[in-house]
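Residues per chain, in single letters:
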Amino acid sequence: MNRERVGISSYRIARPPTRLVTYGLGSCLGIVLYDPELKLGGMAHTLLPTLRAGVQETRMTKFVDSSIEAMVAEMMSLGASEKRLWAKIIGGANMFEPLHTSAEETVGARNIRQARETL
């Protein structure tokens, strides 16, 4: 079995027998997309929900929304169908509980909310 590591702020697309893995999510999200008919999958390891206005960033795979959009676009270019895609999100932990007055304000919670909205 071939394993490919998906690093922080990146994503990969693969077919069997390759398995995609990532480690140490914490408040980050692991986002998995899969087309069962083509046996084509993608995984992203994202840090933040979305790019903030006024901030310049060249690595858009750092963000939940742009990573999902990039994975979907690449998978569709390889023949995947949006109608067949299923998604899983993993991670989104509250790493620094004492720093937040509400669980909804944590980076992990905002990442999860953004993933659901984008998907």
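Residue numbering note: each chain is counted from 1, following its sequence as written. The model is predicted, so local features are restricted to residues of pLDDT at least 70 and side-chain atom pairs to those at 80 or more, both for listing and for counting; the totals for chains, interfaces and linings are taken over all residues. Side-chain measures were taken over the full set of non-hydrogen atoms in the model, leaving aside hydrogen atoms and water.

Caption draft 1: Spatial organisation of the overall build of the protein. Within the protein, the regular secondary structure consists of 2 helices and 6 strands. Under the scheme used here, helices are H or I runs from DSSP no shorter than 4 residues and strands are E runs no shorter than 2 residues, and both carry numbers assigned from the N terminus. Going from the N terminus to the C terminus, the protein shows its helices and strands as β-β-β-β-β-α-β-α. Radius of gyration (C-alpha) of the protein: 15 Å, near the 14 Å computed for a compact globule of 119 residues. Projected onto the principal axes, the alpha-carbon positions of the protein cover approximately 45 × 30 × 25 Å. For the protein, with 119 residues in total, the buried portion stands at 39%. The contact criterion used throughout is that any non-hydrogen atoms of two residues lie within 4.5 Å. A separation threshold of at least 6 residues defines the contact pool for the protein, and within that pool the share at least 24 residues apart is 59%. Based on C-alpha atoms, the radius of gyration is set beside the globule rule, defined as 2.2 Å times the residue count to the power 0.38. For every residue, the accessible area obtained with a 1.4 Å probe (protein chains only) is divided by the maximum for its type, and the residue is called buried under 20%, exposed over 50%, and partly exposed between those limits.

Caption draft 2: Quick peek at the pattern of salt bridges. Throughout this description, the term salt bridge denotes a Lys or Arg side-chain nitrogen within 4 Å of a carboxyl oxygen of Asp or Glu. Within this structure, the stated rule accounts for 3 salt bridges. The closest approach of N and O atoms between E4 and R12, which form a salt bridge, is 3.5 Å. Given a relative accessible area of 25%, E4 falls into the partly exposed group. Residue R12 is classed as partly exposed on the basis of its relative accessible area of 36%. Across the pair E37 and R84 runs a salt bridge, and its minimum N-O distance is 3.6 Å. In this pair, E37 is assigned in the loop between β4 (29–35) and β5 (40–46) and R84 in the loop between α1 (64–77) and β6 (86–91), connecting sequence segments 47 residues apart. Judged by its relative accessible area of 59%, E37 is exposed. Members of the salt-bridge network, linked through shared partners, are D35, E37 and R84.

Caption draft 3: Seen up close, helix α2 (residues 107–118). Given the number of residues in a helix, its expected span is that number minus one, multiplied by 1.5 Å. Taking 1.5 Å per residue as the helical rise, α2 with its 12 residues ought to reach 16 Å, and the 16 Å between its terminal C-alpha atoms agrees with that figure. The complete set of buried residues in α2 reads G108, A109, N111, Q114 and A115. Elements in contact with the buried residues of α2: β4, α1 and β6.

Caption draft 4: Region of the structure containing the packing of α1 against α2. Between α1 and α2, the least distance of the axes is 9 Å, while the angle of their chain directions is 35 degrees. Classified by chirality, the crossing of α2 by α1 is right-handed. Here α1 contributes V64, D65, I68 and E69 to the contact with α2, which in turn contributes N111, Q114, A115 and T118. Its residues placed into classes, the contact of α1 with α2 shows 3 nonpolar, 3 polar and 2 charged. Convention adopted: a line fitted to C-alpha atoms gives each axis, helices being fitted over their contacting stretch, and angles between N-to-C directions are expressed from 0 to 180 degrees. A clockwise turn of the near helix away from the far one marks a right-handed crossing, whereas an anticlockwise turn of less than a right angle marks a left-handed crossing. Side-chain classes follow a simple rule in which Ala, Val, Leu, Ile, Met, Phe, Trp, Tyr, Cys and Pro form the nonpolar group, Asp, Glu, Lys and Arg form the charged group, and the remainder, Gly included, forms the polar group.

Caption draft 5: The arrangement of unusual backbone geometry in detail. Following P16, the chain continues into P17 via a peptide bond in cis, with omega recorded as 10 degrees. Of note, P17 is situated in the loop between β2 (10–14) and β3 (18–21). The backbone of S9 shows a phi angle near 65 degrees, a positive value even though the residue is not glycine. Secondary-structure assignment places S9 in the loop between β1 (2–5) and β2. The phi dihedral of K39 is positive, around 55 degrees, even though this residue is not glycine. Inspection of the secondary structure assignment puts K39 in the loop between β4 and β5.

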